[in-house]
Amino acid sequence: MRYTVFATIPVKPEHMEAACEAVAAIVPATRGEDGCISFEPRRAADGSDTIMIFEEWADRDAFEFHHAQDYTKDVFAKYGNWLQSEPELFEVKALEG
């Protein structure tokens, strides 16, 4: 069963560019992971210092594998000083219609 997450990451204004660069740097490796269906980081269009990531994985194991990778752990380590508050992860599912 697919596992889909929408993450919001509130960044301190002075670290926004570095945070965006760090996330952008892991996009190719992340998209190349087995089980990655979609990994789409974006900046908030309203100008707020928020990164939003839509992630779709083959299953929860693939999502957890991603978080176990050194490049992902490196970004999370950097987040320690960069974030205004903890990221929020929302598990989402497709609308049935």
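Residues numbered from 1 in each chain as written. Predicted model: local features only at pLDDT ≥ 70, side-chain atom pairs only at ≥ 80, totals over all residues. Heavy atoms only, no water.

1. Digging into the sheet that holds strand β1 (residues 3-10)
Phase 1: If you trace the four strands from one edge of the open sheet to the other, you get β2-β3-β1-β4, paired in antiparallel fashion. Of all strands in the sheet, those bounded by a partner on one side alone are β2 (36-43) and β4 (88-92). Along the sheet, successive strands turn relative to each other by an average axial angle of 15°, direction set aside.
Phase 2: Sheet topology places β2 next to strand β3 (residues 50-57); seven bridges connect them, and they run antiparallel. In the strand pairing of β3, S38 is matched with E56.
Phase 3: Here helix α1 (residues 16-31) sits on the sheet in contact with β2 and β3, set at roughly 165° to β2. (Pairing = 2+ DSSP bridges. Helix = DSSP H or I, 4+ residues; strand = E, 2+ residues; numbered from the N terminus. Axes fitted to C-alpha atoms, helices over the stretch in contact; angles between N-to-C directions. Contact = heavy atoms within 4.5 Å.)

2. Let's talk about the side chain of T30
Phase 1: Following the sequence through the fold, T30 ends up in helix α1.
Phase 2: Its relative accessible area of 0% is what places T30 among the buried residues. (Buried < 20%, exposed > 50% of the residue type's maximum accessible area, 1.4 Å probe, protein only.)

3. So, the nonpolar core
Phase 1: Ranked by internal contacts, the top residues of the largest apolar core, which has 23 residues, are I9, V11, F39, I51, I53 and Y79.
Phase 2: For this core, the element with the highest residue contribution is α1, accounting for seven residues.
Phase 3: Among all residues touching I51, those that are not within four sequence positions of it are A7, T8, I9, V11, M16, A19, C20, V23 and R42. (Core = buried A, V, L, I, M, F, W, Y, C linked by side-chain atoms within 4.5 Å.)

4. Some remarks on the packing of aromatic side chains
Phase 1: Applying the stated criterion across every chain, the model contains three aromatic pairs.
Phase 2: Relative to F63, the ring of Y3 lies with its centre 5.1 Å away and its plane at 55°, an arrangement referred to as tilted. Of this pair, Y3 sits in strand β1 while F63 sits in helix α2 (residues 60-67), and the two are 60 residues apart along the sequence.
Phase 3: On the numbers, 6.5 Å between centres and 70° between planes, the contact of W57 with F63 is edge-to-face.
Phase 4: Every member of this aromatic cluster is reached through a ring pair, and the members are Y3, W57 and F63. (Phe/Tyr/Trp six-rings, centres within 6.5 Å; stacked < 30°, edge-to-face > 60°.)

5. Examining the confidence of the model for the chain
Phase 1: In the predicted model, the chain carries a mean pLDDT of 95, and 99% of its residues have values of at least 70.
Phase 2: Ranking the elements of the chain by mean pLDDT puts helix α3 (residues 70-82) last, at 93, and β2 first, at 98. (pLDDT = per-residue confidence, 0-100.)

6. Description of the environment of E33
Phase 1: Structurally, the position occupied by E33 is in the loop between α1 and β2.
Phase 2: When the C-alpha atoms of E33 and E88 are compared, they prove to be 23 Å apart, with 55 residues separating the residues in sequence.
Phase 3: In this view, E33 contacts W57, A62, F65, H66, Q69 and Y71; residues no more than four positions away in its chain are not counted.
Phase 4: Within the structure, the side chain of E33 is placed 2.5 Å from the side chain of Y71, a separation counted as a polar contact. (Polar contact = N/O pair within 3.5 Å; in protein donor to acceptor, adjacent residues only side chain to side chain.)

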